[in-house]
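# Structure at a glance
Here's the letter readout for the chains.
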Amino acid sequence: MDSQHLSVHIRRSVDAVYDYASNPANLPEWAAGLSAGIAYEDGQWVSDSPMGRVSVEMAENNPYGVLDHWVTTADGDTFYNPVRVIEADGGSEVVFTLRRQPDMSDDAYEADAIAIVTDLATLKVLLEKR
């Protein structure tokens, strides 16, 4: 399985970045590649995404900066997305590991990478303004 690590440096503490990014309610503000709108329904986060309506399950809150999340489509396909917030140069680095899915074309893989880089850049701008 091909994978690539996409990252951004944010001039905010790990705690500040983690606290904001780990809250699914904030996804529409910075993660357009995943969420145009989100609601907590029947015990799960449900998001309007470019893939249609999906459920989003975030890793439980933890002191390690783990922002892993699972996205389940309406068809029942689940995609695991490893994400970490780590201390870097007096701020934070957010690292998203993009994994190529089976039968994914080069164009689709590249489009996913572009969407993730765009979302990480938006997260950086939002958090550095605070």
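The paragraphs below set out a description of the structure included in this document. (Residues numbered from 1 in each chain as written. Predicted model: local features only at pLDDT ≥ 70, side-chain atom pairs only at ≥ 80, totals over all residues. Heavy atoms only, no water.)

On to helix H3 (residues 106–129), then. Taking 1.5 Å as the rise per residue, H3 with 24 residues should run 34 Å; its terminal C-alpha atoms sit 35 Å apart, in good agreement. Residues Tyr109, Ala113, Ile116, Asp119, Leu120, Leu123 and Leu127 constitute the buried set of H3. In the core, the buried residues of H3 are packed alongside strand E1 (3–10), helix H1 (14–21), helix H2 (27–30) and strand E8 (91–99). (Helix = DSSP H or I, 4+ residues; strand = E, 2+ residues; numbered from the N terminus. Expected span 1.5 Å × (residues − 1). Buried < 20%, exposed > 50% of the residue type's maximum accessible area, 1.4 Å probe, protein only. Contact = heavy atoms within 4.5 Å.)

A few words now on the packing of aromatic side chains. Remark: the centre distance and the inter-plane angle together describe each pair of aromatic rings, the angle taken between the planes. Following the criterion strictly, the structure yields two aromatic pairs and no others. Note that arginine 100 overlies the ring of tyrosine 109, its terminal NZ or CZ placed 4.3 Å from the centroid. (Phe/Tyr/Trp six-rings, centres within 6.5 Å; stacked < 30°, edge-to-face > 60°. Lys NZ or Arg CZ within 6 Å of the ring centre and 35° of its normal.)

Moving on: the sheet that holds strand E7 (residues 83–88). Read across the sheet, three strands follow the order E1-E8-E7 without closing on themselves; strand pairing throughout is antiparallel. What marks the edges here is a single partner per strand, and that holds for E1 and E7. Ignoring strand direction, the axes of neighbouring strands in this sheet form an average angle of 25°. Here E1 pairs with E8 via eight bridges, running antiparallel. Its bridge partner being in E8, serine 3 is matched across the sheet by arginine 99. Each of E1, E7 and E8 touches H1; the most contacted strand, E7, lies at about 160° to it. (Pairing = 2+ DSSP bridges. Axes fitted to C-alpha atoms, helices over the stretch in contact; angles between N-to-C directions.)

As a further point, take the pairing of strand E6 (residues 78–81). The sheet contact formed by strand E5 (residues 69–72) and E6 spans four bridges and is antiparallel. By the bridge assignment, tryptophan 70 is partnered in E6 with tyrosine 80. Where E5 folds back on E6, the antiparallel hairpin that results is connected by five residues, among which glycine 76 adopts a positive phi of roughly 95°.

Glancing now at the sheet that holds strand E4 (residues 52–58). Across the sheet, which stays open at both edges, the five strands sit in the order E2-E3-E4-E5-E6 with antiparallel pairing between neighbours. Single-partner strands in this sheet number two, and they are strand E2 (37–41) and E6. In this sheet, neighbouring strand axes are inclined to one another by 30° on average, regardless of whether the strands run parallel or antiparallel. Two elements, E4 and E5, share four bridges in a ladder whose sense is antiparallel. Residue methionine 58 lies in a different strand from E5, and its bridge partner there is histidine 69.

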